[in-house]
Amino acid sequence: MPDITRRRALAATAALAATATVTTLAAPAASAAGHPMPMPQPPENFDEVYKGRRIQGRPMSGGGHHHEHGGGFEVLIDGVQLHVMRNADGSWISIVSHYDPVTTPRAAARAAVDELQGAALLPFPAN
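Quick caveat: nothing in here was measured; it's all calculated off a predicted structure.

Asker: I'd love a proper account of the nonpolar core, names of residues and values included.
Answerer: The biggest cluster of nonpolar side chains holds 16 residues, and the ones touching the most others in it are Phe 46, Ile 55, Val 75, Ile 77, Leu 82 and Val 84. If you list the elements that add at least two residues to this core, you get strand S1 (46-50), strand S3 (73-77) and helix H2 (105-116). A per-element tally of this core places H2 first, with 5 residues.

In structure tokens:
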């Protein structure tokens, strides 16, 4: 058996490392392909008074702006539209609590009321 040279040992180590990297990167893609992501359920309508503010959520009625981030669902606080957006993972954010994702539009409305601390929600100008 020939002696292993330093060059051969390094080449073998590099080949093993490359194979392990390819296997690691391909494995999540293969497992994700077999398990498609479920379609998110449409949000439920709501109309309630939360901390003295009327919050509502319902399917958007025709007059929405042309780039609906809320998937055709509108949220109102005291009759003023709260712009909401659904994230890729199904969570929701609003213009008031943009960095605090929540599970539903109702939770986004409640978080906005908490953040506003009694201040009025001003209309957000559409582009």
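Next comes the rest of the write-up.
Asker: I'd like to hear about the pairing of S1, residue by residue, with values.
Answerer: By the alternation rule, side chains of S1 split into Phe 46, Glu 48 and Tyr 50, which are all buried, and Asp 47 and Val 49, of which none is buried. With 5 bridges connecting them, S1 and strand S2 (residues 53-59) associate as antiparallel partners. Within S2, the residue paired with Asp 47 across the bridge is Gln 56. Where S1 folds back onto S2 in an antiparallel hairpin, the turn is made up of 2 residues, including Lys 51, whose phi is positive at roughly 50 degrees.

Asker: Please give an account of the confidence of the model for the chain that cites residues and values.
Answerer: Mean pLDDT over the chain works out to 81, with 71% of the residues at or above the 70 mark. Mean pLDDT across the elements of the chain ranges from a minimum in helix H1 (residues 6-34), with 65, to a maximum in S1, with 97.

Asker: An account of H2 is needed here, citing residue identities and associated values.
Answerer: Look at H2: 16 Å from first C-alpha to last across 12 residues, which is about the 16 Å you get at 1.5 Å a residue. Among the residues of H2, Pro 105, Ala 108, Ala 109, Ala 111, Ala 112, Val 113 and Leu 116 are the ones counted as buried. Summarising the contacts, the buried residues of H2 are in contact with S1, S2, S3, strand S4 (80-82), strand S5 (84-86) and strand S6 (92-94). Trailing H2 by a residue or two, Gln 117 shows a phi angle of about 50 degrees, which is positive.

Asker: Can you tell me about the sheet that holds S3, naming the residues and giving the values?
Answerer: Strands pair in a sheet through their backbones, by hydrogen bonds, and they do so in one of two ways: parallel or antiparallel. The antiparallel open sheet is built from 4 strands, whose spatial order is S1-S2-S3-S4. Edge positions in the sheet fall to S1 and S4, since each has one partner strand and no second. On average, each strand axis in the sheet is inclined to that of its neighbour by 25 degrees, with strand direction left out of account. Here 3 bridges tie S3 to S4, and the two strands are oriented antiparallel to one another. Its bridge partner being in S4, Val 75 is matched across the sheet by Leu 82. This element, H2, spans S1, S2, S3 and S4 of the sheet and lies at about 25 degrees to S1.

Scoring rules and cut-offs
- Residues numbered from 1 in each chain as written.
- Predicted model: local features only at pLDDT ≥ 70, side-chain atom pairs only at ≥ 80, totals over all residues.
- Heavy atoms only, no water.
- Core = buried A, V, L, I, M, F, W, Y, C linked by side-chain atoms within 4.5 Å.
- Buried < 20%, exposed > 50% of the residue type's maximum accessible area, 1.4 Å probe, protein only.
- Helix = DSSP H or I, 4+ residues; strand = E, 2+ residues; numbered from the N terminus.
- Pairing = 2+ DSSP bridges.
- pLDDT = per-residue confidence, 0-100.
- Expected span 1.5 Å × (residues − 1).
- Contact = heavy atoms within 4.5 Å.
- Axes fitted to C-alpha atoms, helices over the stretch in contact; angles between N-to-C directions.

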